[in-house]
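Residues per chain are reported as follows:
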Amino acid sequence: MKARFWGTRGSIPVSVTAPQVRAKLIAAVAAARNLPLDAPGAVEAYVDSLGFDVAGTFGGHSSCVEVEAGGGEPVILDLGSGARPLAGDLLRRFGPGSPRTYHVFMSHLHWDHIMGFPFFSPVYIPGNRIVIHSCHAEVEHAFRRQQAAPSFPVDFGQLAATVEFDVMETDRDYAIAGLRVRAKKQLHAGDSYGWRLTDGSRTLVYSTDSEHKLDRPEERMGFVEFFRDADLVIFDAMYSLADAVSVKADWGHSSNIVAVELCQLAKARRLCLYHHEPAYDDAQIARVLADTRRYEEISRDGPPLAVDAAWDGLEITL
Amino acid sequence: MELPSRLEGNVRVLSPTGRIDHAHADEFQAALTGYLAECRAGGVPVVLDFAGVEYISSVGLRVLMLASRQVSAQDGCIAIAALTPLVREVFEISRFILVFRTFDSVAAAVAALAPPA
Ligand SMILES: [Zn+2]
Ligand SMILES: [Zn+2]
């Protein structure tokens, strides 16, 4: 099983700004001042030696993750703005004239998780079938409304592909696209749902836009069960713990500290921080990642938990 | 959880020990209650002496957040002193370091919180 991240930012897409690019350049040039960079390949090697927050970027597309699993049919988690570059890549990979069935699992219907759909080019190609799985009864309404006039030039009814909506139930196993699939209700405005996908021996959990109340132990144990022995947990770690339990309580998101605690209790193997705060620049996300790795070390009470911060383009093989 | 308490001048010093985690946070919260009630304007400021705290998890930090909110609503004063390096790291990572006034020693905290004579 493979997870490919196409959109990792929370709430709204963002872009690296001109002052941020300038700060990255200044950091890189200042650190290079006394280095011998004349040899062939030396500049490239130097750039590759810089931190990801200086030489790269976590990116700014909103939620969208592709899962490559045994079944061969494309599986997608959420259709945030990252669905647009995903569509381009899928068309490159599959070629233009090869209709397929795409399976999408929706965490919920907030804009940042559906806004990529009208730009997901397979919907404009006849012969394609797109199945949108969701636990929200109003899923079809949300997708149709998003494209209705005066908000978008192409009405949902004009899409060339067949789009189906599959309203699912929580807490039971389904067999879809060669995967065992299970949904769990999460705490978020209007509800959100986590997804547990198992492909033979590998399990991926996608749990975004999910707040965890610390005074509800039975709910905590429910999530520990849902994350149990997962090979990868993709987790909404938008806020610091201090913010999540004070000024941003009831905003529907969680923290890196709770992410580590739940994954440790569940004996998950790998955690990927996700739904990054849009106000954070690359250096701040890199700091959250370093902090989280350190917290994992401090609190470890068993085998280590690998920790990553998702970025647009990250690929994790389970 | 035992919560040893003493008065230094007019400042209440509370010294929790061990791990403030899922198993102990409720007891810690219960033990704090009476002291927090007194920790108001013109009342008795509270210093949490953390020298003996080995570890604190999210639920323990939540208890501290509730204490901090209660005390500030009452115009009282609360601070944390003598964090061990490891627990200090947890405070930094969780950003609780921004929520509480912290002091290197109990003496420094007591001096800062003592009402003027
Ligand atoms: Zn979101
Ligand atoms: Zn949301």
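Quick note: structure is the one above.
What counts and how
- Residues numbered from 1 in each chain as written.
- Chains lettered and ligands numbered in written order.
- Predicted model: local features only at pLDDT ≥ 70, side-chain atom pairs only at ≥ 80, totals over all residues.
- Heavy atoms only, no water.
- Donors = N, O, S within 2.8 Å, 3.2 Å for Na, K, Ca; no water.
- Tetrahedral: all angles 85-135°; square planar, octahedral: opposite > 155°, others 65-115°.
- Buried < 20%, exposed > 50% of the residue type's maximum accessible area, 1.4 Å probe, protein only.
- Disulfide = S-S within 2.5 Å.
- Contact = heavy atoms within 4.5 Å.
- Buried area = accessible area lost by both parts, 1.4 Å probe.
- Salt bridge = Lys/Arg side-chain N within 4 Å of Asp/Glu carboxyl O.
- Polar contact = N/O pair within 3.5 Å; in protein donor to acceptor, adjacent residues only side chain to side chain.
- Helix = DSSP H or I, 4+ residues; strand = E, 2+ residues; numbered from the N terminus.
- Nonpolar A, V, L, I, M, F, W, Y, C, P; charged D, E, K, R; others polar.
- Axes fitted to C-alpha atoms, helices over the stretch in contact; angles between N-to-C directions.
- Parallel < 35°, antiparallel > 145°, perpendicular 65-115°, else oblique.
- Left-handed = near helix turned anticlockwise from the far one by under 90°.
- Phe/Tyr/Trp six-rings, centres within 6.5 Å; stacked < 30°, edge-to-face > 60°.
- Lys NZ or Arg CZ within 6 Å of the ring centre and 35° of its normal.

So, on to the coordination of the zinc ion (ligand 2). Residues and elements named next belong to chain A. Coordination of the zinc ion (ligand 2) by the protein involves His108 (NE2), His110 (ND1), His188 (NE2) and Asp209 (OD), with metal-donor separations of 2.1 to 2.7 Å. Geometry at the zinc ion (ligand 2) is irregular, judged from its four donor atoms and the angles of 87 to 172 degrees they form at the metal. Between the zinc ion (ligand 2) and the zinc ion (ligand 1) the interatomic distance comes to 3.6 Å, and Asp209 is a ligand of both metals. On the basis of relative accessibility, which here comes to 1%, the residue His108 falls in the buried class.

Once that is clear, we can look at the state of the cysteines. Within the structure shown, the criterion is met by zero disulfides over all chains. Here Cys272(A) stays unpaired: no disulfide links it, and the sulfur of Cys263(A), its closest cysteine neighbor, is 10 Å away. You can see Cys77(B) has no disulfide; the closest cysteine sulfur is in Cys39(B), sitting 6.9 Å from it.

Residue and element names in this part refer to chain A. With distances of 2.1 to 2.2 Å, the protein atoms coordinating the zinc ion (ligand 1) are Asp112 (OD), His113 (NE2), Asp209 (OD) and His275 (NE2). Viewed at the metal, the four donor atoms of the zinc ion (ligand 1) are separated by angles of 86 to 166 degrees, and the geometry they form is irregular. Positions of the donor residues of the zinc ion (ligand 1), expressed as sequence spacing, correspond to D-H-x95-D-x65-H.

On the chain B side, the residues contacting the 19 residues of chain A number 17 residues. Taken over both partners, the interface formed by chain A and chain B buries close to 1700 Å², and the fraction arising from carbon and sulfur atoms is 63%. If you look at where chain A meets chain B, you find three salt bridges. Inspection of the chain A/chain B interface yields seven residue pairs in polar contact (both at pLDDT 80 or more). Elements supplying a minimum of two residues to the side of chain A that touches chain B: α8 (241–244), α9 (256–266) and α10 (282–299) of chain A. Ranked by residue count, the leading element in the side of chain A that touches chain B is α10(A), at seven residues. When the residues that make up the side of chain A that touches chain B are grouped by side-chain class, the tally is nine nonpolar, four polar and six charged.

Residues and elements named next belong to chain A. α10 packs onto α9 with a crossing angle of 40 degrees between their chain directions and a minimal axis gap of 10 Å. Classified by the angle between their axes, α9 and α10 sit oblique to one another. Seen along the crossing, α9 lies across α10 with a hand that is right-handed. Each of Asn256, Ile257, Val260, Glu261 and Gln264 in α9 lies in contact with α10, whose residues at this interface are Val288, Asp291, Thr292, Tyr295, Glu296 and Ser299.

Aromatic ring pairs are defined here through the distance separating the ring centres and the angle between the ring planes. Residues and elements named next belong to chain A. Tallying each qualifying case throughout the model produces 17 aromatic pairs over all chains. Relative to Phe58, the ring of Phe52 lies with its centre 5.0 Å away and its plane at 85 degrees, an arrangement referred to as edge-to-face. Residue classification places Phe52 among the partly exposed positions, given a relative accessible area of 32%. Ring geometry for Phe117 against Phe156: centres 6.0 Å apart, planes inclined by 20 degrees, an arrangement best described as stacked. Taken together, the positions of Phe117 in the loop between α5 (111–114) and β5 (129–134) and Phe156 in the loop between α6 (139–147) and β6 (162–167) put the pair 39 residues apart, joining distant regions of the chain. Put simply, the rings of Phe117, Phe143, Phe156 and Phe165 pair up and form one aromatic cluster. For the cation-ring pair, Arg172 lies above Tyr174, with the distance from its terminal atom to the ring centre recorded as 4.3 Å. Above the ring of Phe223, the side-chain terminus of Lys184 is found at 4.5 Å from the ring centroid.

Everything listed here is a matter of coordinates, which is why it stays silent on function.
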